[in-house]
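Tertiary structure, described
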Amino acid sequence: MNDKPSTEKTATYTLTDNGTGRTFELPVIQGTCGPDVIDVRKLYAETGCFTYDPGYTSTGSCESKITFIDGEEGILLYRGYPIDELAENSDFLEVCYLLLYGELPTLEQKQKFEHDIIYHTMLHEQINYFFRGFRRDSHPMAVMCGVVGALSAFYHDSLEISDPKHRMVASYRLIAKMPTIAAMAYKFSLGQPFVYPRNDLSYPENFLYMMFSTPCEPYKVNPVLARAMDRILILHADHEQNASTSTVRLAGSSGANPFACIAAGIASLWGPAHGGANEAVLNMLQEIGSRDRIPEYIKRAKDKDDPFRLMGFGHRVYKNFDPRAKVMEKTCHEVLDELGVRDEPLLDLAIELERIALEDDYFVQKKLYPNVDFYSGIILRAMGIPTSMFTVLFAVARTVGWVAQWNEMIEDPSQKIGRPRQLYIGHTKRRYKPLHKRD
Ligand code: CMC
């Protein structure tokens, strides 16, 4: 792999000002895959101009070796490995190791990593009491933001971000404790006792066990559902510089501790344009209710004056298909077969909606395809996971991506505090007017 990005090409930039033109050379950097980038770091110093890119549609914010997406071809690679191969052959903790360390583990490394993660799943007992401060009907994502942020108040011994050992301990703690916190948020909403993690279960089994068992009777985890859960976690583990990951990097760029940064990532993930979409898809399907109402909703999605969007459709980067959606659709059928769900009206509705949208000119021309969230909600619902927990699951999975990206940023020698500028369009300087002189 080419470690140093190449900079052989240049771009020429001409600033035309009152008829006079000034020309500047800008270096062009090539990565190992993907589009070249024009290096504008010296642009302001040399020209006095900023670049302007709301939504960062043309901006690369960092160098990264973790995840690559080719949106035109529908390719997603974690450390070079295609997502479908990982979903088919690997398991979530192996993928966590890969994302964190850059290589697939040997057997010995895998066993040690699994052991270390499993032995960090339990939470400080005091956190149980912290939960009691929330209302029982709080949205579990609100609880997640609060509890994960509070971890820095419980684990003081892993906050020294310049120490690689502290960083790794904090990363392991976050990956390990996230399912425990998520399951506790669910149990709290039901008023059921918290279920402590079990070290003899795998990561996805343990999660299902903490979510669905009670102290009153034995609970056996269904292996097909555990495998499906593992796959869902793999598919959501990382996704390059998306909104929540960029939030984690930006929060971390000031030197904030990792628990605070991940809490910031959770807050960003919550929005319906990002991780909140899986919850929104199910709510939308329920609202549509029957096949004959699909055209009405398609019409609304196309109407510029209506804020309604077809949830689970479209993606900033994928303009062909979302490779995660394909695996998710297959997993969806496996889960429904295992559970003996022959007739799932929401799945029928989703398939019909997908068919109609994919034949519609508006969606074809704008290259709007189903994304990962389109089918995940149906699987999660069939597994008995309530809608309000869908985005929480996404957060559990994405934690490894966030911590891998956060570690990569801290280790990057060119790392600086993230500090964008702006195009100011407010008032120019004006004098303060005393109250009695205002109209
Ligand atoms: N339904 C109807 N129209 C849409 C949709 C949609 N779901 N998505 C995009 N468009 C239209 C949009 O109105 C715009 O039209 P025009 O060019 O005429 O103004 C055009 O397509 C381009 O959309 P955009 O909003 O400029 O694209 P974006 O890259 O800023 O937004 C997105 C990407 C995912 C936020 C958007 O497609 C969306 O809101 N989708 C629904 C929410 C969703 O499913 N989100 C989950 C994303 S995948 C999980 C994750 O990574 O978090």
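One can find the structure itself at the top, above this paragraph.
These remarks concern the structure in this document.

About the cut-offs
Residues numbered from 1 in each chain as written. Predicted model: local features only at pLDDT ≥ 70, side-chain atom pairs only at ≥ 80, totals over all residues. Heavy atoms only, no water. Pairing = 2+ DSSP bridges. Helix = DSSP H or I, 4+ residues; strand = E, 2+ residues; numbered from the N terminus. Contact = heavy atoms within 4.5 Å. Near = heavy atom within 4 Å. Polar contact = N/O pair within 3.5 Å; in protein donor to acceptor, adjacent residues only side chain to side chain. Areas by Shrake-Rupley, 256 points an atom, 1.4 Å probe, with all protein chains shown as cover. Nonpolar A, V, L, I, M, F, W, Y, C, P; charged D, E, K, R; others polar. Core = buried A, V, L, I, M, F, W, Y, C linked by side-chain atoms within 4.5 Å. Buried < 20%, exposed > 50% of the residue type's maximum accessible area, 1.4 Å probe, protein only. Axes fitted to C-alpha atoms, helices over the stretch in contact; angles between N-to-C directions. Parallel < 35°, antiparallel > 145°, perpendicular 65-115°, else oblique. Salt bridge = Lys/Arg side-chain N within 4 Å of Asp/Glu carboxyl O.

The three strands are arranged β4-β5-β6 in an open sheet whose pairing can be described as antiparallel. Looking at the sheet topology across the chains shown, the edges are occupied by β4 (67–70) and β6 (81–82). Two elements, strand β5 (residues 75–78) and β6, share two bridges in a ladder whose sense is antiparallel. Opposite Leu77, over in β6, you have Pro82 as the bridge partner.

Right, let's talk about the side chain of Ser213 for a bit. Within the fold, Ser213 resides in the loop between α8 (203–212) and α9 (223–235). When sequence neighbours within four positions are dropped, the list of residues in contact with Ser213 reads Lys187, Val195, Leu208 and Tyr219.

Surrounding the ligand, one finds 20 residues, the nearest of these being His274, Leu310, Gly312, Arg316 and Lys366. The contact in question runs from a nitrogen atom of the ligand to an N or O atom on the backbone of Phe313, over 2.9 Å. Arg316 has a polar side-chain atom sitting 2.7 Å from an oxygen atom of the ligand. Bound to the protein, the ligand loses 76% of the 940 Å² it would expose on its own. Classifying every residue of the shell around the ligand by side-chain character gives nine nonpolar, six polar and five charged.

Pairing of β4 with β5 involves four bridges; the strand directions are antiparallel. When the bridges of β5 are listed, Ile69 appears paired with Leu76. What sits between the antiparallel neighbours β4 and β5 is a turn of four residues, in which Gly74 has the positive phi angle 70 degrees. Between β5 and β6, which follow one another and run antiparallel, lie two residues, and Arg79 among them has a positive phi close to 50 degrees.

What follows deals with the nonpolar core. The tendency in soluble globular proteins is for nonpolar side chains to be buried side by side. With 119 residues, the main nonpolar core has Tyr78, Val148, Ile266 and Leu310 as its most contacted residues. The element contributing the most residues to this core is helix α18 (residues 390–411), with 14 residues. In this view, Tyr78 contacts Ile66, Thr67, Ile83, Leu86, Val95, Leu98, Leu99, Ile234, Leu235, His236, Ala237 and Asp238; residues no more than four positions away in its chain are not counted.

The N-to-C vectors of helix α15 (residues 345–359) and helix α17 (residues 373–382) enclose an angle of 170 degrees; their axes lie 10 Å apart at closest approach. Between α15 and α17, the angle is such that the two are roughly antiparallel. Contact residues: Leu346, Leu347, Ala350, Ile351, Leu353 and Glu354 in α15; Phe374, Tyr375, Ile378 and Arg381 in α17.

In this section: the pattern of salt bridges. Within the structure shown, the criterion is met by 21 salt bridges. Where Glu408 meets Arg249, a salt bridge forms, and the shortest distance between an N and an O atom there is 2.8 Å. Here the residue Glu408 occupies a position in helix α18, and Arg249 occupies one in helix α10 (residues 243–252), the gap between them amounting to 159 residues. Accessibility classification places Glu408 together with Arg249 in one group, the buried group. Between Arg300 and Asp306 there is a salt bridge; the shortest N-O distance is 2.8 Å. Classification of Asp306 as buried rests on a relative accessible area of 18%. Within this structure, Glu88, Arg231, Lys330 and Glu334 form a network of salt bridges that share partners.

Read these as spatial facts, not as claims about activity.
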